[in-house]
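Close look at the chain arrangement
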Amino acid sequence: MHHIGDIARERIERIEQERNIELASRERLLRGGFTQVPNAILVDSELSLGAKVTYSLFLKFYWDNNAVFPGQKTLAAYMGMSVSRANEYVKELEKAGLIEIKRLGQGRTNRYRLNSVVKKGVVHRSRKS
């Protein structure tokens, strides 16, 4: 008769052997949280990689703060690039209809509204509040 702990351990080992990606330190990776990104964003060949990362960061800011209002310097720092380059990706998302920007005035951070992605290539614009 096998102990339930041994059976579970064997099952986990078998699953891990079947995977082609291994996380070296699960706890460390998960400690900072995670962000779910709609697959329609990930597979949209018309969006640049930078725009996809920017959208992902906007989701991260939303989940952390219930609002999306990172300063340009903060966004650029998270992306590891210049403010002007990060702004190019923000403009790309705006042009694609994936975000709306509300400018709050000089010296204040913009507020971003993320639009819902229904399916690849189709954006459902959220209603103005």
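Up top is the structure.
The notes below deal with the structure included here. (Residues numbered from 1 in each chain as written. Predicted model: local features only at pLDDT ≥ 70, side-chain atom pairs only at ≥ 80, totals over all residues. Heavy atoms only, no water.)

For the rest of this paragraph, the subject is the overall build of the chain. When helices and strands are tallied, the chain shows six helices and four strands. Counting helices and strands in the order they occur from the N terminus, the chain gives α-α-α-α-α-α-β-β-β-β. Sequence separation of at least 24 residues holds for 44% of the intrachain contacts in the chain that already meet a minimum separation of 6. Of the roughly 10,000 Å² of accessible surface on the chain, a fraction of 51% belongs to carbon and sulfur atoms. (Helix = DSSP H or I, 4+ residues; strand = E, 2+ residues; numbered from the N terminus. Contact = heavy atoms within 4.5 Å. Areas by Shrake-Rupley, 256 points an atom, 1.4 Å probe, with all protein chains shown as cover.)

A few words now on the nonpolar core. Within the largest apolar cluster, 21 residues are counted, with the highest numbers of intra-cluster contacts made by Tyr55, Phe58, Leu93 and Ile99. Among the elements of the structure, helix H4 (49–65), helix H5 (72–79), helix H6 (83–95), strand E1 (99–102) and strand E2 (111–114) are those that each provide at least two residues to this core. (Core = buried A, V, L, I, M, F, W, Y, C linked by side-chain atoms within 4.5 Å. Buried < 20%, exposed > 50% of the residue type's maximum accessible area, 1.4 Å probe, protein only.)

A separate point is the packing of aromatic side chains. Given two aromatic rings, their pairing is described by the distance between the two centres and the angle made by the two planes. Taken as a whole and judged by the stated rule, the model has three aromatic pairs. When the centroid spacing of 4.6 Å and the interplanar angle of 25° are considered together, the rings of Phe58 and Tyr112 count as stacked. With Phe58 in helix H4 and Tyr112 in strand E2, this residue pair connects regions lying 54 residues apart in the sequence. Summarising the burial analysis for this pair, Phe58 and Tyr112 share the class buried. Between the aromatic rings of Tyr62 and Trp63, the centroid separation amounts to 5.3 Å while the plane-to-plane angle is 70°, which identifies the pairing as edge-to-face. We classify Tyr62 as partly exposed; its relative accessible area is 34%. (Phe/Tyr/Trp six-rings, centres within 6.5 Å; stacked < 30°, edge-to-face > 60°.)

The description of two helices packed together rests on the angle between their axes and the distance between the axes. Orientation of H4 relative to H5, taken along the N-to-C sense of each, is 115°, at an axis distance of 11 Å. The way H4 lies across H5 gives a crossing that is right-handed. Of the residues in H5, those in contact with Gly50, Val53, Thr54, Leu57, Phe58, Lys60 and Phe61 of H4 are Thr74, Leu75, Tyr78 and Met79. Classifying every residue of the contact of H4 with H5 gives seven nonpolar, three polar and one charged. (Axes fitted to C-alpha atoms, helices over the stretch in contact; angles between N-to-C directions. Left-handed = near helix turned anticlockwise from the far one by under 90°. Nonpolar A, V, L, I, M, F, W, Y, C, P; charged D, E, K, R; others polar.)

A separate point is the packing of H5 against H6. Their axes nearest at 9 Å, the elements H5 and H6 cross at an angle of 95°. By the angle class used here, H5 and H6 are roughly perpendicular. For the pair H5 and H6, contact is made by Gln72, Lys73, Leu75, Ala76 and Met79 and by Val83, Ala86, Asn87, Tyr89 and Val90, respectively. Considered class by class, the residues forming the contact of H5 with H6 number seven nonpolar, two polar and one charged. (Parallel < 35°, antiparallel > 145°, perpendicular 65-115°, else oblique.)

On to the pattern of salt bridges, then. By the definition in use, this model includes two salt bridges. One salt bridge connects Glu88 with Arg85, and the closest N-O pair in it is separated by 2.6 Å. With Glu88 and Arg85 both in helix H6 and three residues apart, this pair spans about one turn of that helix. Given a relative accessible area of 43%, Glu88 falls into the partly exposed group. Since its relative accessible area comes to 35%, Arg85 is described here as partly exposed. (Salt bridge = Lys/Arg side-chain N within 4 Å of Asp/Glu carboxyl O.)

A few words on the environment of Gln36. Inspection of the secondary structure puts Gln36 in the loop between helix H2 (26–31) and helix H3 (39–42). Counting along the chain gives 23 residues from Gln36 to Leu59, while the straight-line C-alpha distance between them is 7.8 Å.

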